[in-house]
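Architecture at a glance
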Amino acid sequence: VRILLAEDGRDNARLITLHLRRARAVVTAVENGKLAIERLTVDGTLDGALSVLSPFDVLVTDMQMPELDGYDAARLLRAKGSALPIVALTAHAMSGDQELCRQAGCDEYATKPVDRAQLIAACVRAIDARAPLRLSA
């Protein structure tokens, strides 16, 4: 599984990457949502068209980041027509936070501090849920 991780916290990015690599994922980490979107477009810009074949199977994104946060990154991807599965990571475990993530376009939700099993399960569920959409696109 090829995972694009958008996480601005260096220590969190290292830990999350370690968890995902131990689960045999190939992880590419970037520091914010802007850089994540740029990795997914043909011309490497926010305004560019999405690559026809995504180089990633899932986006795991922190929701609170500078430049472009996870909420706006998810909204922008969905507005561009992306069916890429998105897993939201947030330190906020309030009941309404999960719904805000889903409204932004995220498929799954995991909380910080990151629980390895919870994160991997969220990635699997997100990929499985989007599989029919990605095959038909």
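Residues numbered from 1 in each chain as written. Predicted model: local features only at pLDDT ≥ 70, side-chain atom pairs only at ≥ 80, totals over all residues. Heavy atoms only, no water.

**A word on the packing of helix α2 (residues 33-40) against helix α3 (residues 70-79)**
It is the contact of α2 with α3, at a shortest axis distance of 9 Å, that shows an interaxial angle of 25 degrees. With respect to α3, the axis of α2 lies roughly parallel. Considering the relative orientation of α2 and α3, their crossing is right-handed. Side by side, α2 and α3 meet where Gly33, Ile37 and Leu40 of the first sit next to Ala73, Leu76 and Leu77 of the second. (Axes fitted to C-alpha atoms, helices over the stretch in contact; angles between N-to-C directions. Helix = DSSP H or I, 4+ residues; strand = E, 2+ residues; numbered from the N terminus. Parallel < 35°, antiparallel > 145°, perpendicular 65-115°, else oblique. Left-handed = near helix turned anticlockwise from the far one by under 90°. Contact = heavy atoms within 4.5 Å.)

**Side note on the environment of Ala29**
Positionally, Ala29 belongs in strand β2 (residues 26-30). Judged by relative accessible area, which is 41%, Ala29 ranks as partly exposed. Once the C-alpha coordinates of Ala29 and Met65 are considered, the two residues, 36 residues apart in sequence, prove to be 14 Å apart. The contact partners of Ala29, leaving out residues within four places of it in the chain, are Leu5 and Thr17. (Buried < 20%, exposed > 50% of the residue type's maximum accessible area, 1.4 Å probe, protein only.)

**Focus on α3**
Note: α-helices contain 3.6 residues per turn, so residues at a spacing of three or four share the same orientation. The complete set of buried residues in α3 reads Gly70, Tyr71, Ala73, Ala74, Leu77 and Arg78. The buried residues of α3 occupy an angular sector of 165 degrees when the element is viewed end-on, so they sit on one face. With a side-chain oxygen positioned 3.1 Å from the backbone nitrogen of Tyr71, the residue opening α3 is Asp69. (Arc of directions from axis to C-beta. Polar contact = N/O pair within 3.5 Å; in protein donor to acceptor, adjacent residues only side chain to side chain.)

**Let's talk about the nonpolar core**
In terms of nonpolar packing, the biggest core is built from 22 residues, with Leu4, Leu59, Cys101 and Cys106 touching the most fellow members. At four residues, the largest contribution of residues to this core is made by α3. The contacts of Leu59, once residues within four sequence positions are left out, are Leu4, Ala6, Ala36, Leu77, Leu84, Pro85, Ile86 and Val87. Of all hydrophobic cores here, the second largest spans 17 residues; its members include Val58, Val87, Val114 and Ala126. (Core = buried A, V, L, I, M, F, W, Y, C linked by side-chain atoms within 4.5 Å.)

None of the figures reported here should be taken as evidence of function without further support.
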